[in-house]
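Single-letter residue listing:
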Protein chains: 2
Amino acid sequence: MITATKKRIIESAIQVFNEDLSAPLQRVADKASVTRRTLHRYFSDRNELVAVCEKAIETSCRKAMIAAIQSSNDPLTQLENMLYAGIDCGAKYSFFYKLHQSKDHKHNTENKNCADYDYIYQHFHQIILQLQKNGKVNSDMSAQWIQVLHSGIIESTVNARHHPTKDFQEIKTLAWTSYIKAIAP
Amino acid sequence: MITATKKRIIESAIQVFNEDLSAPLQRVADKASVTRRTLHRYFSDRNELVAVCEKAIETSCRKAMIAAIQSSNDPLTQLENMLYAGIDCGAKYSFFYKLHQSKDHKHNTENKNCADYDYIYQHFHQIILQLQKNGKVNSDMSAQWIQVLHSGIIESTVNARHHPTKDFQEIKTLAWTSYIKAIAP
DNA sequence: CAAGAATGTCTCAAATTAGTGACATTTAGA
DNA sequence: TCTAAATGTCACTAATTTGAGACATTCTTG
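For clarity, every value in this text was computed on a predicted model and none was experimentally measured.

## Some points on the protein's contact with DNA strand C
In step 1: If you check the shell around DNA strand C, you find 17 residues, and the closest are A:Thr5, A:Thr38, A:Arg41, A:Tyr42 and B:Arg46.
In step 2: Taking all atoms of DNA strand C within 4 Å of the protein, the share assigned to sugar and phosphate is 47%.
In step 3: A distance of 3.0 Å is found between a base oxygen of DNA strand C and a side-chain nitrogen or oxygen belonging to B:Arg37.
In step 4: When residues of the surface near DNA strand C are traced back to their parent elements, those giving at least two are helix H3 (36-42) of chain A together with helix H3 (36-42) of chain B.
In step 5: Each residue belonging to the surface near DNA strand C can be placed in one class, and the counts come to four nonpolar, six polar and seven charged.

So, in structure tokens, the structure goes:
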């Protein structure tokens, strides 16, 4: 059973660690409106907290991404929903993406997390390939570059959320519009 | 006089702190291939190092951005060069942008750094406005959103540099192509 | 209300990080 | 080669962060 407090601590930790992995635990506790003592009742040490955060991220991002992939048979809709899923995951997505991109991350297909990551990005590449065949995406752009752009737009959009002049749904649509135009032929 | 070692320490610190502001100084020293003792000979304490990094960032980003703005009278060329300048600044640009966007940053027009930041982004907004008038940029997109996109693309491109399948100049061109298409009408 | 669970307060010891002095070693330049 | 500057090594203290015990307080729920 996962209590509300535990959940709040994890969410706070993800936000804090995403910006500053070495931040003192006090900052996580503060953000979660909880004492450091309480934090330590749920997580025996820093490593455990970080590990749980990573797991939580993997789980929720993976779920959201897979749902997006399976939401339709139309690759354009799939791509759009993958973008929205990333934006909705917010800081989690940045962290998720960082984890697998970081230099010291030893990619390992045996690892279930890596397998899921691979599953997602294999599909992503397939979607791009298909859209390129259909003439809906620029064939001069490699799937790898489009992936970089994809995550960049998600990150920007999530950051833009903090100083919201507009409705958030509107920003998401703006993100999609910009994205699809960027990669159009 | 700024020695090579001092410069190397500053560059390393910018990279390390950009990812993890609370990282131990040992990490900065390691990255600079220097002892922690030597680091402390150049910078009496952490705060001083951070301050020097910020100053270095401000100076070099400001210079590069202003040079980009003054490189031409054609707003499209100006925008293109601002993008390249950001990419060339690399981690410095992320830090520069973060510094002025962060919630706890108290913006102050009296502060010379903020004044420069304002100068740059006022010009940026003017450039966008002019391009929108000329029909070269989508008028439905606010200058603010374009700014978010601009920094997002720079950040992605800089990250993409780490796993370079292609020549870096090619990636820069790709970034510009994607960017201008994203904001085209 | 009563009891038990969750959280907070206060305290403390261990671990890590920060900063510095004293002296050895290396490096660059006259 | 000789010297001075730069850097490294080692040792040490101070400051910060971490993790946990003991007990008080607050919050739930029957």
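## Overview of the UniProt feature "DNA-binding region" (unreviewed entry) in chain A
In step 1: Sequence positions flagged by UniProt for "DNA-binding region" (unreviewed entry) are, in local numbering, residues 24-43 of chain A.
In step 2: Taken as a whole, residues 24-43 of chain A contains 70% helix and 0% strand, while its terminal C-alpha atoms sit 14 Å from one another.

## Some words on the domain arrangement of chain A
Think of interface size as the accessible area that goes away when the parts come together; that is how it is often given.
Residue and element names in this part refer to chain A.
In step 1: When its domains are assigned, chain A resolves into domain 1 (1-44) and domain 2 (56-183).
In step 2: Averaged C-alpha coordinates put domain 1 and domain 2 at centres separated by 27 Å.
In step 3: Contacts between domain 1 and domain 2 engage six residues on the former and seven residues on the latter.
In step 4: The largest per-residue losses of area from domain 1 upon contact with domain 2 belong to Glu 11, Ile 14 and Asn 18, which jointly make up 78% of the total buried on that side.

## What about the side chain of A:Glu58?
Residue and element names in this part refer to chain A.
In step 1: Within the secondary structure, Glu 58 is located in helix H4 (residues 46-70).
In step 2: Despite its burial, Glu 58 remains without a salt bridge, the nearest opposite charge being carried by Arg 62 at 5.7 Å.
In step 3: In contact with Glu 58, not counting residues within four places along its chain, are Phe 96, Leu 99, His 100 and Asn 113.

## What about the UniProt feature "domain: HTH tetR-type" (unreviewed entry) in chain A?
In step 1: Taking the UniProt record as the reference, the feature "domain: HTH tetR-type" (unreviewed entry) is found at residues 3-61 of chain A.
In step 2: With 78% helix and 0% strand, the stretch residues 3-61 of chain A has end C-alpha atoms that lie 21 Å from each other.

## What to know about the interface of chain A and chain B
In step 1: Taken together, the 35 residues of chain A in the interface contact 34 residues of chain B.
In step 2: Joining chain A to chain B, the criterion identifies zero salt bridges.
In step 3: Our enumeration of links across chain A and chain B arrives at eight residue pairs in polar contact (both at pLDDT 80 or more).
In step 4: Secondary structure elements with two or more residues in the side of chain A that touches chain B: helix H8 (143-160) and helix H9 (168-183) of chain A.
In step 5: Sort the elements by how many residues they give to the side of chain A that touches chain B and H8(A) lands first, with ten residues.
In step 6: Across the side of chain A that touches chain B, the residue classes break down as 16 nonpolar, twelve polar and seven charged.

## Side note on the packing of helix H8 (residues 143-160) of chain B against helix H9 (residues 168-183) of chain B
Residue and element names in this part refer to chain B.
In step 1: Contact geometry of H8 with H9 gives a least axis separation of 10 Å together with a crossing angle of 160 degrees. With respect to their mutual orientation, H8 and H9 come out roughly antiparallel. Here H8 runs over H9; the crossing is right-handed. Residues Ile 146, Leu 149, His 150, Ile 153 and Thr 157 of H8 lie in contact with H9, whose contacting residues are Phe 168, Ile 171, Ala 175, Tyr 179, Ala 182 and Ile 183.

## Thoughts on the packing of aromatic side chains
In step 1: Summed over the entire model, instances satisfying the criterion amount to twelve aromatic pairs over all chains.
In step 2: Considering the side-chain rings of B:Trp176 and B:Tyr179, the 5.9 Å spacing of their centres and the 65 degrees angle between planes classify their relative orientation as edge-to-face. Of this pair, B:Trp176 and B:Tyr179 both sit in helix H9, separated by three residues, roughly a single helical turn.
In step 3: Connected via pairs of aromatic rings, a cluster forms that spans A:Tyr93, A:Phe96, A:Tyr97, A:Tyr117, A:Tyr121 and A:Phe124.

Conventions and cut-offs
- Residues numbered from 1 in each chain as written.
- Chains lettered and ligands numbered in written order.
- Predicted model: local features only at pLDDT ≥ 70, side-chain atom pairs only at ≥ 80, totals over all residues.
- Heavy atoms only, no water.
- Near = heavy atom within 4 Å.
- Polar contact = N/O pair within 3.5 Å; in protein donor to acceptor, adjacent residues only side chain to side chain.
- Helix = DSSP H or I, 4+ residues; strand = E, 2+ residues; numbered from the N terminus.
- Nonpolar A, V, L, I, M, F, W, Y, C, P; charged D, E, K, R; others polar.
- UniProt positions renumbered as here; feature names shortened; annotations may be inferred.
- Domains from an automatic or database assignment.
- Contact = heavy atoms within 4.5 Å.
- Buried area = accessible area lost by both parts, 1.4 Å probe.
- Buried < 20%, exposed > 50% of the residue type's maximum accessible area, 1.4 Å probe, protein only.
- Lys, Arg positive; Asp, Glu negative; His and termini not counted.
- Salt bridge = Lys/Arg side-chain N within 4 Å of Asp/Glu carboxyl O.
- Axes fitted to C-alpha atoms, helices over the stretch in contact; angles between N-to-C directions.
- Parallel < 35°, antiparallel > 145°, perpendicular 65-115°, else oblique.
- Left-handed = near helix turned anticlockwise from the far one by under 90°.
- Phe/Tyr/Trp six-rings, centres within 6.5 Å; stacked < 30°, edge-to-face > 60°.

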